[in-house]
Amino acid sequence: QQPVQSPQAVILREGEDAVINCSSSKALYSVHWYRQKHGEAPVFLMILLKGGEQKGHEKISASFNEKKQQSSLYLTASQLSYSGTYFCGTASTSGTYKYIFGTGTRLKVLA
Amino acid sequence: SAVISQKPSRDICQRGTSLTIQCQVDSQVTMMFWYRQQPGQSLTLIATANQGSEATYESGFVIDKFPISRPNLTFSTLTVSNMSPEDSSIYLCSVVQAMTYEQYFGPGTRLTVT
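Remember, predicted model here, so these are calculated numbers, not experimental data.

1. Observations regarding the interface of chain B and chain A
Right, so step 1: With 23 residues of chain B in contact, the opposing surface of chain A contributes 19 residues.
Right, so step 2: Summing both partners gives a buried area of about 1700 Å² for chain B against chain A, and 62% of it is carried by carbon and sulfur.
Right, so step 3: At the junction of chain B and chain A, the tally comes to one salt bridge.
Right, so step 4: Residue A:Lys98 is joined to B:Glu58 by a salt bridge in which the shortest nitrogen-to-oxygen separation is 3.1 Å.
Right, so step 5: Joining chain B to chain A, the criterion identifies eight residue pairs in polar contact (both at pLDDT 80 or more).
Right, so step 6: Of all elements in the fold, only β4 (31-37), β5 (43-49), β9 (89-96) and β10 (103-105) of chain B reach the threshold of two or more residues within the side of chain B that touches chain A.
Right, so step 7: Per element, the largest residue contribution to the side of chain B that touches chain A is four residues, and it comes from β4(B).
Right, so step 8: Residues that form the side of chain B that touches chain A fall into these classes: 12 nonpolar, nine polar and two charged.

This is how it looks when you write it as structure tokens:
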């Protein structure tokens, strides 16, 4: 079952914040987050391995609520370079290396 | 991180023909995967490429249509057989680092079937 992301699309001005959510119908063991720019391959941003874990990457951070089967990606003080499509990838079993991608969120940052 | 190359980067093929896509990694990796991404869509996992044994396919994908080889820990091929226009897509290989679970993608192969 493919994880569902919300919102589907968001437009921001530079400096504004955004939150992207990833919800799964299955119990989750770990979550990946990726950013994909048009015409390019997805780029790995971070992994969250434990329930309740929060991670940061520059001004991008994420949380993982294992009980709610959800993860959220937080983009703070957005920059033009943050534009792209964000995907979560989820693994439902401990020790699996196989990730199922979410539906995606298109994010555009305007000057 | 791993450096991954794919060949060809793009191709236009006629229906009924087959195309083999190559994926080369700059270091030995255990876990290698093949994904498909249709225009404007998310990535769909096709199969896990297992070294020395048959690939493990996801629901909706079969070996006769997408045969995969993995002769060693740095190389894999995906063949798209008996192509139809519905196979037009971007095909990506990826590797997952065993210790960190980080996943890295090749640049992709853009396939158009006419």
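2. Details of the state of the cysteines
Right, so step 1: Evaluated as defined, the whole model comprises two disulfides over all chains.
Right, so step 2: Between the sulfur of A:Cys22 and that of A:Cys88 lies a disulfide, 2.1 Å long from S to S. A torsion of 70° about the S-S bond marks the disulfide between A:Cys22 and A:Cys88 as right-handed. Of this pair, A:Cys22 sits in strand β3 (residues 18-23) while A:Cys88 sits in strand β9 (residues 84-91), placing them 66 residues apart in sequence.
Right, so step 3: By relative accessible area, which is 1% here, A:Cys22 ends up buried.
Right, so step 4: A relative accessible area of 0% means that A:Cys88 is categorised as buried.
Right, so step 5: Paired by a disulfide, B:Cys23 and B:Cys93 hold their sulfur atoms 2.0 Å apart. Taking the sign of the S-S torsion, 75° for the link of B:Cys23 and B:Cys93, the bridge is right-handed. Here B:Cys93 lies in strand β9 and B:Cys23 lies in strand β3 (residues 19-25), a separation of 70 residues in the sequence.
Right, so step 6: Overall, the relative accessible area of 0% leaves B:Cys23 in the buried class.
Right, so step 7: For B:Cys93, a relative accessible area of 0% corresponds to the buried category.

Cut-offs applied
Residues numbered from 1 in each chain as written. Chains lettered and ligands numbered in written order. Predicted model: local features only at pLDDT ≥ 70, side-chain atom pairs only at ≥ 80, totals over all residues. Heavy atoms only, no water. Contact = heavy atoms within 4.5 Å. Buried area = accessible area lost by both parts, 1.4 Å probe. Salt bridge = Lys/Arg side-chain N within 4 Å of Asp/Glu carboxyl O. Polar contact = N/O pair within 3.5 Å; in protein donor to acceptor, adjacent residues only side chain to side chain. Helix = DSSP H or I, 4+ residues; strand = E, 2+ residues; numbered from the N terminus. Nonpolar A, V, L, I, M, F, W, Y, C, P; charged D, E, K, R; others polar. Disulfide = S-S within 2.5 Å. Buried < 20%, exposed > 50% of the residue type's maximum accessible area, 1.4 Å probe, protein only.

Any functional reading would require information that these geometric values do not contain.
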